[in-house]
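Observations on the model geometry
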Amino acid sequence: DELITVKSSYNDIHDNWFINNNTGVTFRHGSFNKYRNNKNINTGFRTYGHNQEITENQFLRDSHSQLIQVVIGNGDHADDGILGKSNAIYSQVHDCLIHGNYFIGEDATSNYLLCWGYGSRSFKPINNKILDNIFMASKGTLAHTRDGASWAGNTIAGNIMWPTDTAVLGDMPSSGYTKKDPQLVKICIY
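Overview of the structure. Nothing here was measured: the structure is a model prediction, and the numbers come from that model. (Residues numbered from 1 in each chain as written. Predicted model: local features only at pLDDT ≥ 70, side-chain atom pairs only at ≥ 80, totals over all residues. Heavy atoms only, no water.)

As for the overall build of the protein
Worth spelling out the cut-off: Secondary structure follows DSSP: runs of H or I at least 4 residues long count as helices, runs of E at least 2 residues long count as strands, and numbering of each begins at the N terminus. Using C-alpha atoms as the atom set, the radius of gyration is obtained and then compared with a globule rule of 2.2 Å times the number of residues to the power 0.38. We call a residue buried when its accessible area falls under 20% of the maximum for its residue type, exposed when it is over 50%, and partly exposed in between, using a 1.4 Å probe and counting protein chains only. The contact definition used throughout considers only heavy atoms, calling two residues in contact when any of these lie within 4.5 Å. Surface accessibility in these figures is a Shrake-Rupley result with a 1.4 Å probe; residues are shielded only by whichever protein chains are displayed.
Each helix and strand in the protein was counted, giving 0 helices and 20 strands. Relative to its length of 190 residues, the protein is compact, with a C-alpha radius of gyration of 15 Å against a globular reference of 16 Å. Classification of the 190 residues of the protein by burial places 51% in the buried group. Long-range contacts, defined here as pairs at least 24 residues apart, represent 60% of the contacts in the protein between residues at least 6 apart. Carbon and sulfur atoms make up 48% of the accessible area of the protein, which totals about 8500 Å².

As structure tokens, then:
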């Protein structure tokens, strides 16, 4: 389920193209990582840990399972900073920034474009900022919670949501977005 598994901190993954992968990049163990200005075409992304920055990325037409969409996971530990712990833990997502990303599903999936919480783990995403992102699709759900996660306790503001055809908004609080056409122009350069 992981194309690239980051199990360390303070990495900066930027300006890459990931096209038609059956998996995605995962911030699996570690914190203070950056994922910025990447083009993810039919490729997902998943994060755990704290103080991660997911900014200015494009997530386009991902047709994979829900785990391999854009997933903010539930953790089994509050933090990953305990020495001697296995690198197999999933630490809680907190104090992260998700800003200025494009989630453009078109008609590729009936899943959630942004899945907030995933898995039966106890530590749900908290104290994160989801700001100024664009969500657009003609099928599926734009942004939705799962497995006990909640938008409460997170800052959600300035997002644009535009469902067309059979797509639905999801359960992101309406105070965190404006429903309007972002009037994007598709330019194919790959």
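Considerations on empty space enclosed by the protein
Selection rule: Lining residues are defined by having an atom within 4 Å of a point belonging to a cavity or pocket. Those points lie on a 1 Å grid over the protein atoms alone, cavities being sets where a 1.4 Å probe fits but cannot get out and pockets being open sets with protein on both sides within 12 Å along at least five of seven lines. Grid points are joined across faces, edges and corners, and a volume is the space filled by probe spheres set on the points. Gly is placed with the polar residues, together with every amino acid not listed as nonpolar (Ala, Val, Leu, Ile, Met, Phe, Trp, Tyr, Cys and Pro) or charged (Asp, Glu, Lys and Arg).
On inspection of all chains with the given rule, the structure shows 1 cavity of 30 Å³ or more. Size it by volume and the largest cavity reaches roughly 70 Å³. Taken together, Phe 59, Leu 60, Arg 61, Asp 62, Gln 69, Val 70, Phe 103, Ile 104, Gly 105 and Leu 113 form the lining of the largest cavity. Elements supplying a minimum of two residues to the lining of the largest cavity: strand E9 (58-60) and strand E12 (102-106). Considering every element that reaches the lining of the largest cavity, the biggest residue donor is E12, with 3 residues. Within the lining of the largest cavity, the residues separate by chemical class into 6 nonpolar, 2 polar and 2 charged.

A short note on the sheet that holds strand E10 (residues 70-72)
Our working definition: At least two bridges found by DSSP between two strands is the condition for calling them paired. The convention used is that axes are lines fitted to C-alpha atoms, helices contributing only their stretch in contact, and that angles between N-to-C directions extend from 0 to 180 degrees.
Taken in spatial order, the 7 strands line up as E1-E4-E7-E10-E13-E16-E19 in an open sheet, and their pairing is parallel. At either margin of the open sheet sits one strand with a lone partner, and together these are strand E1 (4-6) and strand E19 (168-170). Averaged over all adjacent pairs, the angle separating strand axes in this sheet is 10 degrees, with direction ignored. Bridge count for strand E13 (residues 112-116) against strand E16 (residues 141-145) is 4 bridges, and the pairing is parallel.

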